[in-house]
Amino acid sequence: MEAVVVDAGSKLLKAGFASPDQDPTLIIPTKMKRVVEDGDMVDSTTFEEVTVDPIVRGFIKDWDAMEDLLRHVLYTGLGWEMGEEGQILFTDPLSTPKSVREQLVQMMFETFNVSGFYASEQAVLSLYAVGRISGCTVDIGHGKIDIAPVCEGAVQHIASKRFEIGGVDLTNLLAQELQKTNPHAQIDINEVEKLKERYACCAEDQSSFNNTQTCQKEKHTLPDGQVITVERERYIVGEALFQPSILGIEEYGIVDQLFRSISSVSPELHRQLIDNIVLCGGTASMTGFEDRFQKEAILCSFMRPSLVKPPEYMPENLPKNSAWMGGAILAKVVFPQNQHITKAEYDETGPTIVHRKCF
Ligand SMILES: Nc1ncnc2c1ncn2[C@@H]1O[C@H](COP(=O)(O)OP(=O)(O)OP(=O)(O)O)[C@@H](O)[C@H]1O
Ligand SMILES: [Mg+2]
């Protein structure tokens, strides 16, 4: 049986058997609704739906919910049989606390009884997905931005940066902006997220952003029949990545951050990093983002940076699922070559083995 690869994000969990040139078979929201158990006294008139978020800003926070989610993914979604569990590879976000890595490997061996385990960093995996072992990844997901220079498959941790800004903050920003321009509309936050994915975009540069004349006004009918207008809000959302002060955050913009990160690596490694910049994560697929990024990057550096184009043989959604796809590539190597953690090794050493075997 092929190993399973799981990239559990703050919004979407990607999972599937390792098949490197395909999309993951399962892409499902990580957020879940809590079902009230039989016998509980619930007055349906006062019952409020409770949602649980097992993963917050990239890290597993609610372990019971994570266990339920993985049970669903592995047994129902992917068809693992109880008692015949296979091998599994997880993707780790940048700066994952040691305790989280240990608890995950423990849950996998002790609760799920997996036959083998491996974990690897998302930044390294996203590079593998585009056929590189060195480069710099800029992963803009739902809960965080991870900027990581990687040399010969090793993340340069001192130079890496993690920011707690992501798609969720852009959704909230769009909700605020739409409230100002459509004060009478009542828009559910899930609907705002869909509007963001459809309309949000990046202006060509800061001066076109400042020029409000360039905005096209769109009318949009919500599922409940309300009609709203979407105009400059679309650009404000994209601009927030380049000017985080729009979100009330005193940080440099994303391109500046990338170059600050690269400049803290030894100079002889700069060329290989600048030549292999990989933009990934769902938020990076926003309309106009790549062009704006490229334009600012060229202005920022005299070394003429270049963004890696996804190889043609890879699926179209590669930038959105690159950590999972890199995981699928790696799984094809680590499990057959016995580089993973086996059940016997886990039993002998315990959860700390993850730091020794998976790096
Ligand atoms: N076209 C688009 N424009 C803007 N945002 C988008 C677009 N498509 C997807 N997104 C956003 O991308 C985010 C999901 O991306 P991704 O799957 O990389 O995140 P994640 O892996 O779940 O989270 P994280 O890695 O931060 O823990 C969501 O916020 C989603 O709204
Ligand atoms: Mg992610």
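What you see is a predicted model; the values in this text were computed from it and never measured. (Residues numbered from 1 in each chain as written. Chains lettered and ligands numbered in written order. Predicted model: local features only at pLDDT ≥ 70, side-chain atom pairs only at ≥ 80, totals over all residues.)

**As for the domain arrangement of the chain**
Test applied: The split into domains, and so the bounds of each, comes from an automatic or database assignment of domains.
What the domain assignment reports for the chain is domain 1 (4–122 + 315–357), domain 2 (129–165 + 253–300) and domain 3 (167–245). A C-alpha centroid distance of 33 Å is found between domain 1 and domain 3.

**Things to note about the nonpolar core**
When a protein is soluble and globular, its nonpolar side chains tend to lie buried together. Defined as follows: Only buried residues count toward a nonpolar core: Ala, Val, Leu, Ile, Met, Phe, Trp, Tyr and Cys, linked into one set through C-beta atoms within 7 Å. The burial criterion counts other C-beta atoms lying within 10 Å of a residue's C-beta, which is placed from the backbone; the residue is buried at 20 or more, exposed at 12 or fewer, and partly exposed between these limits. Each helix corresponds to a stretch of at least 4 residues labelled H or I by DSSP, and each strand to a stretch of at least 2 residues labelled E; elements are numbered beginning at the N terminus. By the convention adopted here, residues are in contact when the distance between their C-beta atoms, placed from the backbone, does not exceed 7 Å.
Grouped together as the largest cluster of nonpolar side chains are 92 residues, with contacts concentrated most on Val5, Ile88, Leu89 and Ala331. By residue number, the principal contributor to this core is helix H11 (residues 318–334), which donates eight residues. Once you skip the residues sitting within four places of it in the chain, leucine 89 turns out to touch Ala3, Val5, Tyr118, Ala119, Ser120, Gly327, Leu330 and Ala331.

**A short note on the packing of helix H8 (residues 254–263) against helix H10 (residues 289–300)**
As a reminder of what qualifies: Note on geometry: axes are lines fitted to C-alpha atoms, helical ones only across the stretch in contact, with angles between N-to-C directions running from 0 to 180 degrees. For this classification, under 35 degrees means roughly parallel, over 145 means roughly antiparallel, 65 to 115 means roughly perpendicular, and everything else is oblique. Take the far helix as the reference: if the near one is turned anticlockwise from it by less than a right angle, the crossing is left-handed, and if turned clockwise, right-handed. Asp, Glu, Lys and Arg are counted as charged, while Ala, Val, Leu, Ile, Met, Phe, Trp, Tyr, Cys and Pro are counted as nonpolar; the rest, among them Gly, fall into the polar class.
Between H8 and H10, the least distance of the axes is 9 Å, while the angle of their chain directions is 50 degrees. As far as their axial angle goes, H10 and H8 are oblique. Regarding H8 and H10, the two cross each other, and that crossing is right-handed. Packed against H8, whose contacting residues are Val255, Asp256 and Phe259, the element H10 presents Phe293, Glu296, Ala297 and Cys300 at the interface. Classifying every residue of the contact of H8 with H10 by side-chain character gives five nonpolar, no polar and two charged.

**What to know about the sheet that holds strand E1 (residues 4–8)**
Test applied: At least two bridges found by DSSP between two strands are what make those strands a pair.
The sheet built from six strands is open, its strands ordered E3-E2-E1-E8-E9-E17 with mixed pairing. The open sheet is flanked by strand E3 (26–29) and strand E17 (341–342), the only strands paired with a single partner. By the bridge criterion, two bridges tie strand E9 (residues 116–121) to E17 in an arrangement that is antiparallel. Across the sheet, the residue bridging to phenylalanine 117 is isoleucine 341, located in E17. Most of the contacts of helix H1 (residues 63–77) go to strand E2 (residues 12–17), to which it runs at about 35 degrees, and overall it touches E1, E2 and E3. Seen against the sheet, H11 touches E1, E2, strand E8 (87–92) and E9 and runs at an angle of roughly 150 degrees to E1.

**Points about the site of ligand 1**
We apply this condition: What makes a residue near a molecule or strand is its C-beta atom, placed from the backbone, lying within 6 Å of it.
Taken together, 22 residues lie near ligand 1, and Gly9, Ser10, Gly141, Gly167 and Gly282 sit nearest. Where the shell around ligand 1 is concerned, the elements lending two or more residues are helix H4 (167–181) and helix H5 (189–199). Among the elements that take part in the shell around ligand 1, H5 stands out by supplying three residues, more than any other. Its residues placed into classes, the shell around ligand 1 shows four nonpolar, twelve polar and six charged.

**Some points on the pairing of strand E14 (residues 218–221)**
Bridge count between E14 and strand E15 (residues 227–230): four bridges; the pairing is antiparallel. Bridge pairing links glutamate 218 to valine 230 in E15. Linking E14 back to E15 in an antiparallel pair, the connection comprises five residues, with glycine 225 at a positive phi of about 95 degrees.

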